[in-house]
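Breakdown of the fold
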Amino acid sequence: TSPFIGMAGAGMSSITFKDEIGPITVLDKLTTVPVNKWRYKGEQEIHIGPYAEDFNRAFGLGDKKYIYFIDFLGVLLGAVKELHDKMLEQ
């Protein structure tokens, strides 16, 4: 059995699970992703967030229908770190 089955929800974060590792900058790309309020068709609850198509266009991640949570968090964390670095430079 694959060690990856059932572990995606745990956010397999160990470097031992990964390859093709390298740095990336996200802030400039993130500024091109619109963030809107919206509601799923047929539901009443309002949400706020990007669309999968825009996220895919900016980062090449996902499949234009879904934004994978690990990618969303990675972009968010990368943007926070880049903003922190910019703040320190000033």
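As the structure is a prediction and not an experimental result, all values here were calculated from the model. (Residues numbered from 1 in each chain as written. Predicted model: local features only at pLDDT ≥ 70, side-chain atom pairs only at ≥ 80, totals over all residues. Heavy atoms only, no water.)

Description of the pairing of strand 1 (residues 36-39)
- Sheet topology note: the strand 1/strand 2 (residues 46-49) ladder contains four bridges and is antiparallel. Along strand 2, the bridge assignment pairs asparagine 36 with glycine 49.
- Once strand 1 ends, the chain turns through six residues before running back antiparallel as strand 2, passing glycine 42 with a positive phi of about 85 degrees. (Pairing = 2+ DSSP bridges. Helix = DSSP H or I, 4+ residues; strand = E, 2+ residues; numbered from the N terminus.)

What to know about helix 2 (residues 52-59)
- The buried fraction of helix 2 is high, at six of eight residues.
- Turning to helix 2, its buried residues are Ala52, Asp54, Phe55, Asn56, Ala58 and Phe59.
- Within two residues after helix 2, glycine 60 carries a phi angle of roughly 70 degrees, on the positive side. (Buried < 20%, exposed > 50% of the residue type's maximum accessible area, 1.4 Å probe, protein only.)

Topic: the side chain of aspartate 54
- Inspection of the secondary structure assignment puts aspartate 54 in helix 2.
- Its relative accessible area of 14% is what places aspartate 54 among the buried residues.
- When sequence neighbours within four positions are dropped, the list of residues in contact with aspartate 54 reads Val33 and Pro34. (Contact = heavy atoms within 4.5 Å.)

A closer look at the side chain of glutamate 82
- With respect to the element layout, glutamate 82 can be found in helix 3 (residues 69-89).
- One buried charged side chain, glutamate 82, makes no salt bridge at all; its nearest oppositely charged neighbour is lysine 86, positioned 6.2 Å away.
- If near-sequence neighbours (up to four positions away) are discounted, glutamate 82 is found in contact with Ile24, Thr25, Val26 and Leu27. (Lys, Arg positive; Asp, Glu negative; His and termini not counted. Salt bridge = Lys/Arg side-chain N within 4 Å of Asp/Glu carboxyl O.)

Re the pattern of salt bridges
- Counting across every chain of the model gives one salt bridge.
- One salt bridge connects arginine 57 with aspartate 54, and the closest N-O pair in it is separated by 2.6 Å. Separated by three residues within a single helix, arginine 57 and aspartate 54 lie in helix 2, roughly one turn from each other.
- Given a relative accessible area of 61%, arginine 57 falls into the exposed group.

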